[in-house]
Amino acid sequence: PKTIQDTVTVRTLHDQSLRVWFSPLPVEIWIDFIAEHRGITSGQPEDEQLCLRVLSTLSQEYNRRPLSERRAFGSYCQSVLREKRCIPFDSSEPTAFSADFPSNLYLYSAELKAFDGIGNFHKVSQHLKQMGITDDFLVSLGVRKSVAIDFLFAHLDTLRWSSDPKPLIEYLRSASLTKQDMNKLRSTQYLPAENDESRMFGPSELYLPNKDL
């Protein structure tokens, strides 16, 4: 509070000999506090500026830390914010909320044109980029780089990739896939076979188009 600061004086607060008394609290304590603030949980337009200030502060702290510490700090932020409507997004249509959970959103750079008309995808607000909030930090919070594998499999027929898997494979090659995604790709039957339209096949059931085979 300013009243305490004015009484104690900034000079005293910065006095190195008194550092043991006036050392700053760990940022994690502040994160726990701010994550419960209504402005971080409501997802309403009037709270967007608060969300942006908080995310900017966290992103600066993330980038300030050594590379060896960033993963742990990002995981901590994700654990606290994953169930909060804390990230503003851009939308061309009216929505009930102006901010959403990190895992429901995509990076500004995410390529989603292949899915036009299939789903309703929201990208994080351009205001985050303008405030210097980095992609790496957003990804550490759980923001997506690409469409979930489960969504792809659920819409194979709509996307018309069942008969010609080339667009699907090209997309998967460019997507950022987790270990769980890779396991699903190995075990799911989603590829067509040449001269057999009876069903879809898993990768291990098929062979490369080699004449010797």
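Up top is the structure.
Along each chain, residue indices are assigned from 1 in the same order as the chain's sequence is written. Selection of residues for local features in this predicted model requires a pLDDT of at least 70, selection of side-chain atom pairs for listing and counting requires 80 or more, and totals for whole chains, interfaces and linings are taken over all residues. With hydrogens and water excluded, all non-hydrogen atoms of the structure serve as input to the side-chain values.

Concerning the overall build of the protein chain
Part 1 of the reasoning: Helix and strand assignments come from DSSP, with helices taken as H or I runs of at least 4 residues and strands as E runs of at least 2, each series counted from the N terminus. Counting its regular elements, the protein chain contains 13 helices and six strands.
Part 2 of the reasoning: Along the longest, intermediate and shortest principal axes, the C-alpha atoms of the protein chain span 85 × 40 × 25 Å.
Part 3 of the reasoning: The buried label goes to any residue with under 20% of its type's maximum accessible area, the exposed label to any with over 50%, and the partly exposed label to all in between, with areas taken from a 1.4 Å probe on protein chains only. Looking at the protein chain as a whole, 36% of its 213 residues qualify as buried.
Part 4 of the reasoning: The contact criterion used throughout is that any non-hydrogen atoms of two residues lie within 4.5 Å. Counting contacts in the protein chain only where the partners sit at least 6 residues apart, residues at least 24 apart contribute 57% of the total.
Part 5 of the reasoning: Exposure was quantified through the Shrake-Rupley algorithm and a 1.4 Å probe, taking into account, for residues, occlusion by the shown protein chains and nothing else. Element-wise, carbon and sulfur atoms account for 51% of the exposed surface of the protein chain, whose accessible area totals about 14000 Å².
Part 6 of the reasoning: Under this rule, positive means Lys or Arg and negative means Asp or Glu; His and the chain ends count for nothing. Taken as the charge centre is NZ of Lys, CZ of Arg, CG of Asp or CD of Glu, depending on the residue. Charge centroids of the protein chain, computed over 25 positive and 28 negative side chains, lie 5 Å from each other.

Structural notes on the sheet that holds strand β4 (residues 122-124)
Whenever strands of a sheet pair, they do so through backbone hydrogen bonds, lying parallel or antiparallel.
Part 1 of the reasoning: Only strands joined by at least two bridges in the DSSP assignment are considered to pair. Strand order across the open sheet formed by four strands is β2-β1-β4-β3, with mixed pairing between neighbours. With partners counted over all chains shown, the strands left at the sheet margins are β2 (99-100) and β3 (105-106), one partner each.
Part 2 of the reasoning: Direction of pairing for strand β1 (residues 87-90) relative to β4: antiparallel, over a ladder of two bridges. When the bridges of β4 are listed, Asp 90 appears paired with Lys 123.

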